[in-house]
Amino acid sequence: MAEEETSQNVQLPISGSCHCGAVTYEMKVQPRFAVECNCTICRSLGTVWGHGSSEEISVTAAPGATLSYSRGDKELAFHTCKTCGSSTHWEGIEGDSVGRMAVNLRLAIPGAVEAIGHRHFDGADTWKFLD
Ligand SMILES: [Zn+2]
(Lines give C-alpha, C1' and ligand atoms only; values in the text may rest on other atoms or scores of the structure.)
Protein backbone atom coordinates (compact mmCIF):
# COMPACT_ATOMS: atom_id res chain seq x y z
CA MET A 1 0.00 0.00 0.00
CA ALA A 2 3.04 2.27 -0.03
CA GLU A 3 2.08 3.85 -3.31
CA GLU A 4 -1.40 4.68 -2.08
CA GLU A 5 0.03 6.50 0.93
CA THR A 6 2.16 8.72 -1.28
CA SER A 7 -0.89 9.97 -3.19
CA GLN A 8 -0.89 13.76 -3.43
CA ASN A 9 -3.46 16.27 -4.47
CA VAL A 10 -3.03 17.24 -8.09
CA GLN A 11 -4.25 20.41 -9.70
CA LEU A 12 -7.80 20.13 -10.99
CA PRO A 13 -9.11 19.73 -13.53
CA ILE A 14 -6.71 17.06 -14.71
CA SER A 15 -6.40 17.68 -18.41
CA GLY A 16 -4.89 15.52 -21.09
CA SER A 17 -4.48 15.41 -24.82
CA CYS A 18 -3.62 12.83 -27.42
CA HIS A 19 -0.31 13.38 -29.21
CA CYS A 20 -1.76 15.39 -32.10
CA GLY A 21 -4.28 17.33 -30.00
CA ALA A 22 -7.42 16.16 -31.81
CA VAL A 23 -8.79 14.58 -28.62
CA THR A 24 -8.61 16.28 -25.23
CA TYR A 25 -10.11 15.50 -21.85
CA GLU A 26 -10.75 17.16 -18.52
CA MET A 27 -11.34 15.35 -15.26
CA LYS A 28 -12.95 17.48 -12.54
CA VAL A 29 -12.33 15.09 -9.65
CA GLN A 30 -9.06 13.45 -8.74
CA PRO A 31 -9.30 9.68 -9.24
CA ARG A 32 -8.44 7.52 -6.23
CA PHE A 33 -5.69 5.76 -8.12
CA ALA A 34 -3.83 5.77 -11.40
CA VAL A 35 -4.53 2.21 -12.45
CA GLU A 36 -2.35 0.09 -14.68
CA CYS A 37 -4.19 -3.15 -15.44
CA ASN A 38 -2.77 -6.38 -16.86
CA CYS A 39 -5.88 -7.60 -18.70
CA THR A 40 -5.50 -8.30 -22.40
CA ILE A 41 -6.90 -4.98 -23.63
CA CYS A 42 -5.11 -2.75 -21.11
CA ARG A 43 -1.80 -4.51 -21.79
CA SER A 44 -2.30 -4.00 -25.52
CA LEU A 45 -3.12 -0.32 -25.13
CA GLY A 46 -0.37 0.42 -22.59
CA THR A 47 -2.68 2.73 -20.66
CA VAL A 48 -2.83 4.01 -17.08
CA TRP A 49 -6.45 4.74 -16.24
CA GLY A 50 -8.03 7.42 -14.12
CA HIS A 51 -11.58 6.28 -13.41
CA GLY A 52 -14.60 8.49 -12.88
CA SER A 53 -18.19 9.07 -13.87
CA SER A 54 -19.40 10.64 -17.07
CA GLU A 55 -20.28 13.73 -14.99
CA GLU A 56 -16.71 14.03 -13.75
CA ILE A 57 -15.02 13.56 -17.12
CA SER A 58 -15.48 15.47 -20.34
CA VAL A 59 -13.88 14.47 -23.62
CA THR A 60 -13.63 16.94 -26.48
CA ALA A 61 -13.19 15.63 -30.01
CA ALA A 62 -14.70 16.26 -33.41
CA PRO A 63 -17.36 13.73 -34.44
CA GLY A 64 -15.62 10.67 -35.82
CA ALA A 65 -12.19 11.72 -34.51
CA THR A 66 -11.78 8.52 -32.54
CA LEU A 67 -11.86 4.84 -33.34
CA SER A 68 -14.09 2.95 -30.90
CA TYR A 69 -13.27 -0.65 -29.99
CA SER A 70 -15.37 -3.03 -27.90
CA ARG A 71 -14.71 -6.64 -27.07
CA GLY A 72 -16.23 -9.51 -25.11
CA ASP A 73 -19.48 -8.44 -23.46
CA LYS A 74 -19.18 -5.07 -25.23
CA GLU A 75 -19.82 -3.12 -22.03
CA LEU A 76 -16.92 -0.73 -22.64
CA ALA A 77 -15.91 1.26 -25.70
CA PHE A 78 -12.18 2.00 -25.88
CA HIS A 79 -11.34 5.13 -27.85
CA THR A 80 -8.20 5.78 -29.85
CA CYS A 81 -7.36 8.94 -31.81
CA LYS A 82 -7.73 8.19 -35.51
CA THR A 83 -4.99 10.65 -36.39
CA CYS A 84 -2.16 9.86 -33.98
CA GLY A 85 -3.14 6.50 -32.50
CA SER A 86 -3.12 7.56 -28.83
CA SER A 87 -5.53 5.64 -26.59
CA THR A 88 -7.50 8.40 -24.92
CA HIS A 89 -10.38 6.98 -22.86
CA TRP A 90 -13.07 4.39 -22.45
CA GLU A 91 -16.75 4.77 -21.72
CA GLY A 92 -19.35 2.35 -20.45
CA ILE A 93 -21.94 1.65 -23.14
CA GLU A 94 -23.89 -1.34 -21.75
CA GLY A 95 -25.29 -2.65 -18.47
CA ASP A 96 -23.79 -1.53 -15.16
CA SER A 97 -20.96 0.21 -16.99
CA VAL A 98 -23.15 2.97 -18.42
CA GLY A 99 -22.11 6.27 -16.83
CA ARG A 100 -18.62 5.02 -16.03
CA MET A 101 -15.56 6.32 -17.82
CA ALA A 102 -11.79 6.40 -17.58
CA VAL A 103 -9.15 8.54 -19.18
CA ASN A 104 -5.59 7.58 -20.06
CA LEU A 105 -3.49 9.43 -17.50
CA ARG A 106 -0.40 8.82 -19.65
CA LEU A 107 -1.73 11.73 -21.70
CA ALA A 108 -1.90 14.13 -18.72
CA ILE A 109 1.03 16.29 -17.62
CA PRO A 110 4.22 14.41 -16.72
CA GLY A 111 4.12 13.37 -13.09
CA ALA A 112 0.34 13.14 -12.81
CA VAL A 113 0.35 9.33 -12.61
CA GLU A 114 2.95 9.34 -9.83
CA ALA A 115 1.25 12.17 -7.93
CA ILE A 116 -2.13 10.41 -7.94
CA GLY A 117 -0.55 7.11 -6.94
CA HIS A 118 0.34 4.50 -9.54
CA ARG A 119 -1.21 1.11 -8.75
CA HIS A 120 -1.18 -2.21 -10.56
CA PHE A 121 -4.47 -4.05 -10.92
CA ASP A 122 -4.74 -7.76 -11.72
CA GLY A 123 -7.56 -7.53 -14.25
CA ALA A 124 -6.22 -10.65 -15.96
CA ASP A 125 -6.95 -12.94 -13.03
CA THR A 126 -7.91 -12.01 -9.44
CA TRP A 127 -9.40 -8.53 -9.94
CA LYS A 128 -7.36 -7.26 -6.99
CA PHE A 129 -4.58 -4.72 -6.69
CA LEU A 130 -1.16 -6.34 -6.84
CA ASP A 131 0.62 -3.86 -4.56
ZN1 LIG B 1 -4.41 12.48 -31.85
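Please refer to the structure placed before this passage.
Let me sum up the structure you'll find in this document. (Residues numbered from 1 in each chain as written. Predicted model: local features only at pLDDT ≥ 70, side-chain atom pairs only at ≥ 80, totals over all residues. Heavy atoms only, no water.)

**Examining the packing of aromatic side chains**
Scanning all chains against the criterion turns up 4 aromatic pairs. Centroid distance Trp-49 to Phe-78: 6.1 Å. Interplanar angle 50°. Geometry classified as tilted. Of this pair, Trp-49 sits in strand 4 (residues 49-53) while Phe-78 sits in strand 7 (residues 76-81), and the two are 29 residues apart along the sequence. We classify Trp-49 as buried; its relative accessible area is 2%. Seen from their ring centres, Phe-121 and Phe-129 are 5.3 Å apart, and the 70° between their planes marks the pair as edge-to-face. Judged by its relative accessible area of 14%, Phe-121 falls in the buried class. For Phe-129, a relative accessible area of 28% corresponds to the partly exposed category. Taken together through their ring pairs, the aromatic side chains of Phe-33, Phe-121, Trp-127 and Phe-129 make up a single cluster. Its guanidinium or amino end placed over the ring of Phe-33, Arg-119 lies 4.4 Å from that ring's centre, counting from NZ or CZ. (Phe/Tyr/Trp six-rings, centres within 6.5 Å; stacked < 30°, edge-to-face > 60°. Helix = DSSP H or I, 4+ residues; strand = E, 2+ residues; numbered from the N terminus. Buried < 20%, exposed > 50% of the residue type's maximum accessible area, 1.4 Å probe, protein only. Lys NZ or Arg CZ within 6 Å of the ring centre and 35° of its normal.)

**Some remarks on unusual backbone geometry**
Of note, the amide linkage connecting Leu-12 to Pro-13 takes the cis form, showing an omega dihedral of -5°. Along the chain, the position of Pro-13 falls in the loop between helix 1 (2-5) and strand 1 (14-17). The backbone phi angle of Lys-74 is positive, close to 60°, even though this residue is not glycine. Within the secondary structure, Lys-74 sits in the loop between strand 6 (66-69) and strand 7. A residue is classified by how much of its surface remains accessible, and Lys-74, at 44% relative accessible area, is partly exposed. Here Trp-127, not a glycine, exhibits a phi torsion of approximately 60°, which is positive. Examined against the element boundaries, Trp-127 turns out to sit in the segment after strand 10 (118-121). Trp-127 gets classed as exposed once you look at its relative accessible area, which sits at 63%.

**Observations regarding the pattern of salt bridges**
By the definition in use, this model includes 2 salt bridges. A salt bridge links Arg-106 to Glu-36; its shortest N-O distance comes to 3.5 Å. In this pair, Arg-106 is assigned in the loop between strand 9 (100-104) and helix 3 (112-116) and Glu-36 in strand 3 (residues 34-37), connecting sequence segments 70 residues apart. Exposure remark for Arg-106: the relative accessible area of 43% places this residue in the partly exposed category. (Salt bridge = Lys/Arg side-chain N within 4 Å of Asp/Glu carboxyl O.)

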